[in-house]
Amino acid sequence: MSTATRSTATSPSTSSSAAPSTQPRSSRKWLALTVLALAQFLVVLDASIVNIALPVLGDKLHMTTAALAWVITAYVLAFGGLLLLGGRLADRYGHRRVFLIGVAGFIGASALAGFSVSSGMLLTARAVQGVSAALLAPAALALLTHLFPDSGERTKALGVWGGVAGIGSAAGVLLGGVLTAALGWQSVFFVNVPIGLLVLIAIPFLITPDVAGARTKLDMPGAATITGALVAAVGALSAVDQVGFVHPLTIGLAVAAVVLGVAFIVIERRTAEPLVPLSVFRNRNLSVGNIVMLLVGAAMVALFFALSVYMQAVLGYDALTTGLTQLPLAGALVVVAGLAPALIGRLGTKATLVGSLVVLAAGLVWLSFAPSDATFVGQLLGPSLLIGIGMGGAFVTTTQLSVDGVEGGESGLAGGLVNTSQQIGGALGLAVLSTVATVRTEALAHAGAAAPVALTGGFSWLFLGAAGIALAGAVVASFSAGDRR
């Protein structure tokens, strides 16, 4: 790590209960990383795998369209709203301990969802899944930073991490279609149980317990206000897609998010032991990395949503075919995520990230030209590969920036921040870009365009909007601190 980057590190935290040990956390750290990555895969996968099963699920449980939307929203609200608190709890009570609690909760909630016989039971299970994910995700990233204190090895480990995050998003559509068709809607939840049990059993044998540190008072006012602000913000963005921008529910949640956010900042400035020390944002790489992750999340979630609908509603693909056509994108992402550490070593973090985002934007622009009668090989394969290449490089380098220079006592907080940025960005991107697509589609329909042509025109604007967001991320990334080589 360069001197310039080191200088941006946050001040030592006296509130951590999980200070990193001087002894290695694992003698088999790459195997431990593999198991941690499995847990991260489940968290990311669960945000998308349920989508394909929704129609069947709604029919079996007699759920309305509005209720089905809450199957997704209940998970996202709990996950996005509690990530910062989850990260700080991991710093205070121990990263391994909080991680295992999160995994156990996720397993139990997944089983409950699979056995659901009513909408209320399912929505409760989804909310508990989100709470559990908010505990395990930042703790897992903190464990990674402790397992790989060497900057070179950490970059390679983050390459695996970024690849897993991208694969989870892309694989959700494929696995959702396969499992729902072969085993029923319950299988999209039950699949989490054996994988989660493997993680729960293996981690205690692979990673040493956390070293006890100073116990201090948890900032409950700060925890309450930031959790409320994030829940309100995610809720407002989710409401946009369901009831529109000017609906009283959307406006009320947005106002609540702003008021609670301001209250949180005031509390954190005045308390002696803040939940989120504002000094952490003096780390330029962390701040830039989180802004870029927000933008990447916005482009990514909107992209996968639009691709799924475009392929099924316009091109007439079934759920399984839709998932299979995203394999080239996922494959390119995996390959580039594996090569990203070498690129960072040769070009530096900043150049790799900016280049990745430009490639991602180029792929999205290319995709925007796909017609309503597109063939996969002729009009979709090329842009899919470019998007996978850009996304693979962007995920790894953005995560790298977001934990760069963060001390061990605040690694859980850094993990919570970067995951929060991705979740908020995804909700924001989906709300804004889906509205843009709807406006364009309705305008074309009123002008007399056929339904497939009108839908394609709307998605074209969505892809262009996502490309603009990716380019904005490249501009922000150029302001990061000195390159790591």
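Reading guide: rules and limits
Residues numbered from 1 in each chain as written. Predicted model: local features only at pLDDT ≥ 70, side-chain atom pairs only at ≥ 80, totals over all residues. Heavy atoms only, no water. Helix = DSSP H or I, 4+ residues; strand = E, 2+ residues; numbered from the N terminus. Buried < 20%, exposed > 50% of the residue type's maximum accessible area, 1.4 Å probe, protein only. Contact = heavy atoms within 4.5 Å. Areas by Shrake-Rupley, 256 points an atom, 1.4 Å probe, with all protein chains shown as cover. Expected span 1.5 Å × (residues − 1). Phe/Tyr/Trp six-rings, centres within 6.5 Å; stacked < 30°, edge-to-face > 60°. Salt bridge = Lys/Arg side-chain N within 4 Å of Asp/Glu carboxyl O. Axes fitted to C-alpha atoms, helices over the stretch in contact; angles between N-to-C directions. Parallel < 35°, antiparallel > 145°, perpendicular 65-115°, else oblique. Left-handed = near helix turned anticlockwise from the far one by under 90°. Nonpolar A, V, L, I, M, F, W, Y, C, P; charged D, E, K, R; others polar. Core = buried A, V, L, I, M, F, W, Y, C linked by side-chain atoms within 4.5 Å. Patch = residues over 30% accessible without salt bridge, like charges linked within 9 Å, V, L, I, M, F, W, Y side chains within 5 Å. pLDDT = per-residue confidence, 0-100. Polar contact = N/O pair within 3.5 Å; in protein donor to acceptor, adjacent residues only side chain to side chain.

Re the overall build of the protein
Scanning the protein from terminus to terminus reveals 18 helices and zero strands. Out of the 485 residues belonging to the protein, those deemed buried represent 57%. Intrachain contacts of the protein at a sequence separation of at least 6 include 86% that bridge at least 24 residues. Surface exposure of the protein reaches about 18,300 Å², of which carbon and sulfur atoms provide 70%.

A word on helix H3 (residues 50-61)
Taking 1.5 Å per residue, 12 residues should reach 16 Å; H3 reaches only 14 Å between its end C-alpha atoms and comes up short. Every buried residue of H3 is accounted for by Val50, Ile52, Ala53, Leu54, Leu57, Gly58 and Leu61. His62 lies just past H3 and shows a positive phi near 55°.

What about the packing of aromatic side chains?
Where two aromatic rings form a pair, the distance of their centres and the angle of their planes describe that pair. With the rule as written, the count across this model stands at five aromatic pairs. Measuring from centroid to centroid gives 6.3 Å for Trp185 and Phe189, while their planes differ by 85°, and the two rings are edge-to-face. The two residues Trp185 and Phe189 agree in class, both being buried. Summarising the aromatic geometry, the rings of Tyr310 and Phe459 are spaced 6.2 Å apart at their centres and angled 75° between planes, so their arrangement reads as edge-to-face. Of the two residues, Tyr310 is situated in helix H12 (residues 284-314) and Phe459 in helix H18 (residues 451-477); the sequence distance between them amounts to 149 residues. Taken as a pair, Tyr310 and Phe459 share a single burial class, namely buried.

Here we look at the pattern of salt bridges
Using the criterion set out here, one finds two salt bridges in the structure. In this structure, the salt-bridge partner of Lys29 is Glu153, at a minimum N-O distance of 2.6 Å. Here Lys29, found in helix H2 (residues 29-46), pairs with Glu153, found in helix H7 (residues 151-183); they are 124 residues apart in sequence, far enough to count as distant. The partner of Asp91 in a salt bridge is Arg88, and the shortest N-O contact between them spans 3.0 Å. Of the two residues, Asp91 and Arg88 are both situated in helix H4 (residues 65-93); the distance of three residues between them amounts to about one turn of the helix. Its relative accessible area of 5% is what places Arg88 among the buried residues.

A short note on unusual backbone geometry
The phi dihedral of His62 falls on the positive side, at around 55°, and the residue is not glycine. By the element assignment, His62 lies in the loop between H3 and H4. Taking the relative accessible area as the measure of exposure, His62 reaches 72% and is therefore exposed.

Structural notes on the packing of H2 against helix H9 (residues 192-206)
Relative to each other, H2 and H9 sit at 150°, their axes nearing to 9 Å. On the basis of the axis angle, H2 is roughly antiparallel to H9. When the axes of H2 and H9 are compared, the crossing they make is left-handed. Residue-level contacts link Leu31, Ala32, Val35, Leu36, Leu38, Ala39, Leu42 and Asp46 of H2 to Asn192, Ile195, Gly196, Leu198, Val199, Ala202, Ile203 and Leu206 of H9. Grouping the amino acids of the contact of H2 with H9 by side-chain chemistry returns 13 nonpolar, two polar and one charged.

Section: the nonpolar core
Leu36, Leu57, Phe99, Tyr310, Leu357, Leu380 and Met391 are the most contacted members of the largest nonpolar core, which has 128 residues in total. Here this core gets 17 residues from one element, more than from any other, and that element is H12.

What to know about the side chain of Thr225
Within the fold, Thr225 resides in helix H10 (residues 220-243). Beyond its immediate sequence surroundings of up to four residues, Thr225 is in contact with Leu260, Ala263, Phe264 and Ile267.

Some details on a nonpolar patch on the surface
On the surface, a cluster of nonpolar side chains totalling about 1,100 Å² of accessible area is made up of Phe245, Val246, Ile251, Val255, Val259, Val365, Phe369, Leu428, Val432, Val436, Trp461 and Leu464. For the nonpolar patch, the elements supplying multiple residues, two or more each, are helix H11 (248-270), helix H17 (411-446) and H18. With respect to the secondary-structure elements, Trp461 resides in helix H18.

Here we look at the packing of H12 against H18
It is the contact of H12 with H18, at a shortest axis distance of 9 Å, that shows an interaxial angle of 165°. Between H12 and H18, the interaxial angle falls into the category roughly antiparallel. Crossing handedness for the pair H12 and H18: left-handed.

Regarding the confidence of the model for the protein
For the protein, mean pLDDT is 82; residues scoring 70 or higher make up 89% of the total. Confidence drops under pLDDT 50 across residues 1-22; counting only partners more than four residues distant or on other chains, this segment forms 64 contacts.

A closer look at the environment of His146
Take His146: it is sitting in helix H6 (residues 119-147). Given the relative accessible area of 11%, His146 is considered buried. On a C-alpha basis, the gap between His146 and His95 in space is 9.7 Å, while along the polypeptide they are 51 residues apart.

Digging into the environment of Arg126
If you trace the backbone, Arg126 turns up in helix H6. A relative accessible area of 0% places Arg126 in the buried class. Taking the C-alpha atoms as reference points, Arg126 and Val76, separated by 50 residues in sequence, lie 8.9 Å from one another. With residues near it in sequence (within four places) discarded, Arg126 still touches Asp46, Val50, Val71, Ile72, Ala74, Tyr75 and Phe189. Only 2.8 Å separates the side chain of Arg126 from the backbone oxygen of Val71, close enough to count as a polar contact.

With respect to the environment of Leu54
Relative to the assigned elements, Leu54 resides in helix H3. Since its relative accessible area comes to 13%, Leu54 is described here as buried.

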